[in-house]
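Architecture and fold: a report
Chain by chain, the residues:
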Amino acid sequence: MVKSWKETILKEYPRLSPGSKFRFSCRKELSCFTQCCGDVNIFLSPYDVLRMKRALKLSSGKFLEKYTLPPFLADQKLPMVLLKMKDDARKSCPFVTPEGCSIYEDRPWSCRMYPLGMASSKTAQRADGEEFCFIVEEEFSCLGLKEGQEWTVEEWWKDQGIDIYNQKNEPYKELTLHKLLVEGKGLGPAKSQMLYLTLYDLDRFRKLIFESSFLSRFEIEDEVIKKIKKDDEALLDFGFDWLRFSLFAENTFKIKGEVAEEKKKELGLDSIE
Ligand code: SF4
Ligand code: SF4
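Owing to the predicted nature of the structure, the values given are computational and were not obtained by experimental measurement. (Residues numbered from 1 in each chain as written. Chains lettered and ligands numbered in written order. Predicted model: local features only at pLDDT ≥ 70, side-chain atom pairs only at ≥ 80, totals over all residues.)

**Let's talk about the overall build of the protein**
Looking only at helices and strands, the protein has 13 helices and 6 strands in total. The long-range fraction of contacts in the protein, counting pairs at least 24 apart against all pairs at least 6 apart in sequence, stands at 70%. (Helix = DSSP H or I, 4+ residues; strand = E, 2+ residues; numbered from the N terminus. Contact = placed C-beta atoms within 7 Å.)

Here it is as structure tokens:
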């Protein structure tokens, strides 16, 4: 049987620890400069999209429409969002310029990590699975790997601002490993749509909260309401809580008393939490 790329990495790639050393230096003077910014699959996490749309001063809807591929792939359990490459001979990234990345400060996680990748054997059943970094093997010849400064993995992460991305991506990782999702048949179209809207199309999610009956149906502290009205990062955190409630029936939201009473009557129950 053919091994998946994930199996190959887990079985064959050397593991790097935080203190492991590697050499790498990406410079404009190298003949490969920007070669790597094309014909590549770049998966975007919700936090990647938040940072990029904010940097470009676009609404989430406009960003998704202009810069990402349609998200719903039939064999995926979750909507996958990929950066859309240009329709030119090199299939260039829309943000690459002769000077380098035009959104460097807000480039996605995988661009920051390069030349490192991350593999994980964690699953819903094995929360203690292994997680490690490895050196990415690319088809293009990355001259930066053949020379340059010596880094430890830890130093690289710090230099590239990866910690904040890992911190913000953690709830997404937890969601993707949720038992009900991993063991089930996937979310189905309606719930996939809801997840996509909640985590990726933040401006539309905000509209839904403030322009529907949402706030009259759930008990939400005034302080939280004030924050999510303006702050995308707070809204994303709120979105994860909302999905845990709406997809997995976790106790992260409380239905307002009168709405709960109505539901109780409707369902013929004595109490409803
Ligand atoms: S191929 Fe490697 S060295 Fe060349 S631009 Fe890309 S990351 Fe930098
Ligand atoms: S986002 Fe920036 S670093 Fe990443 S592929 Fe595009 S141009 Fe290169």
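**A closer look at the nonpolar core**
A general feature of soluble globular proteins is that nonpolar side chains tend to end up buried together. Counting 33 residues, the largest nonpolar core has V49, C93, L195, Y200, L235 and L236 as its most contacted members. When residues in this core are grouped by element, the largest group, 5 residues, is from helix α12 (residues 232-248). The two domains that each donate at least three residues to this core are domain 1 (5-166) and domain 2 (201-267). When near neighbours in sequence (up to four residues on either side) are disregarded, V49 contacts L44, S60, F63, V81 and Y200. In this structure, Y114, L116, C133 and W151 belong to the second largest nonpolar core, which totals 5 residues. (Core = buried A, V, L, I, M, F, W, Y, C linked by C-beta atoms within 7 Å. Buried ≥ 20, exposed ≤ 12 C-beta atoms within 10 Å, placed from the backbone. Domains from an automatic or database assignment.)

**Details of the site of ligand 1**
Surveying the vicinity of ligand 1 reveals 12 residues, the closest of which are C26, C32, C36, C142 and G144. In terms of residue class, the shell around ligand 1 is built from 9 nonpolar, 3 polar and no charged. (Near = placed C-beta within 6 Å. Nonpolar A, V, L, I, M, F, W, Y, C, P; charged D, E, K, R; others polar.)

**Comments concerning the environment of S121**
Looking at the element boundaries, S121 is found in the loop between β4 (116-120) and β5 (131-135). Classification of S121 by C-beta neighbours within 10 Å gives partly exposed; the count is 14. It is 9.1 Å that separates the C-alpha atoms of S121 and E7, two residues lying 114 residues apart in sequence.

**Details of α12**
Counted at 1.5 Å a residue, the expected span for α12 with its 17 residues is 24 Å, and the 23 Å between its end C-alpha atoms agrees. Within α12, burial applies to D232, L235, L236, F238, G239, W242 and L243. Taken around the axis of α12, the buried residues stretch over an arc of 160°, which confines them to a single face. Buried residues along α12 sit in contact with α2 (46-55), α6 (162-176), α8 (188-199), α9 (202-210) and α11 (222-230). (Expected span 1.5 Å × (residues − 1). Arc of directions from axis to C-beta.)

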